[in-house]
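Descriptive analysis of the structure
In case you want the letters, here they are:
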Amino acid sequence: LVARDFGWETTMSDETPRARRLADRIKVIVAEMIERRIKDPRLGFVTVTDAYVTNDLREATVFYTVLGDVRDQEGTAIALKSPMRCRRTLATSKS
């Protein structure tokens, strides 16, 4: 995958093995958190498709898709971008 479309000038294949493993783990954790812990009526049917972690392991980006029409997609984006909702949920999870 080329990440240039998202503002990065690198490809995801340039990740170190450790960054890739961490990204895979983050992908699973985020999907579980969305499914089990985020209770927001605007949240639609979300599929976490990929995650990218910088090689210094300081930042992660999670990619997702939403099944439904534009209204469902917009509502889900708002629910997921709700201030600090996901960050707090992930920071307090014990998995």
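Above: the structure in question.
Source: prediction; values computed, not measured.

**Considerations on the overall build of the chain**
Tallying secondary structure elements over the chain gives three helices and two strands in all. Counting helices and strands in the order they occur from the N terminus, the chain gives α-β-β-α-α. Burial analysis of the chain (95 residues in total) assigns 29% to the buried set. Taking as baseline every contact in the chain between residues at least 6 positions apart, the subset at least 24 positions apart corresponds to 53%. When the accessible surface of the chain is split by element, carbon and sulfur atoms take 53% of a total near 6900 Å².

**Let's talk about the pairing of strand β1 (residues 45-53)**
Both faces of the sheet carry side chains from a regular strand, because those side chains alternate between them. Pairing geometry for β1 and strand β2 (residues 60-67), over eight bridges, is antiparallel. The partner of Asp50 across the bridge, within β2, is Phe63. A loop of six residues connects β1 with β2, the two strands running antiparallel in sequence, and Leu57 in this loop sits at a positive phi of about 65 degrees.

**Some words on helix α2 (residues 70-81)**
Residue pairs three or four apart in sequence face the same way in an α-helix, which turns once every 3.6 residues. For α2, with 12 residues, the first-to-last C-alpha span of 16 Å sits near the 16 Å given by 1.5 Å per residue. Along α2, the positions that sit buried rather than exposed are Gly75, Thr76, Ala77, Ala79 and Leu80. Backbone nitrogen of Arg71 and a side-chain oxygen of the N-cap are separated by 3.2 Å at the start of α2; the cap is Asp69.

**Side note on the environment of Ile38**
Locating Ile38 in the fold gives a position in the loop between α1 (17-36) and β1. Residue Ile38 is classed as buried on the basis of its relative accessible area of 6%.

**A few points about the side chain of Asp40**
Turning to its location among the elements, Asp40 is positioned in the loop between α1 and β1. Within the local environment of Asp40, its side chain forms a polar contact with the side chain of Arg42, the two groups lying 2.8 Å apart.

**A look at the pattern of salt bridges**
Taken as a whole and assessed by the stated rule, the structure comprises three salt bridges. For the salt bridge of Asp24 with Arg20, the shortest nitrogen-to-oxygen distance reads 2.9 Å. Highlighted residues: Asp24 and Arg20, both in helix α1, separated by four residues, approximately one helical turn. The exposure class of Arg20 is partly exposed, given its relative accessible area of 24%. Residue Asp50 is joined to Arg20 by a salt bridge in which the shortest nitrogen-to-oxygen separation is 3.2 Å. Of this pair, Asp50 sits in strand β1 while Arg20 sits in helix α1, placing them 30 residues apart in sequence. The network of salt bridges with common partners includes Arg20, Asp24 and Asp50.

Calculation criteria
- Residues numbered from 1 in each chain as written.
- Predicted model: local features only at pLDDT ≥ 70, side-chain atom pairs only at ≥ 80, totals over all residues.
- Heavy atoms only, no water.
- Helix = DSSP H or I, 4+ residues; strand = E, 2+ residues; numbered from the N terminus.
- Buried < 20%, exposed > 50% of the residue type's maximum accessible area, 1.4 Å probe, protein only.
- Contact = heavy atoms within 4.5 Å.
- Areas by Shrake-Rupley, 256 points an atom, 1.4 Å probe, with all protein chains shown as cover.
- Pairing = 2+ DSSP bridges.
- Expected span 1.5 Å × (residues − 1).
- Polar contact = N/O pair within 3.5 Å; in protein donor to acceptor, adjacent residues only side chain to side chain.
- Salt bridge = Lys/Arg side-chain N within 4 Å of Asp/Glu carboxyl O.

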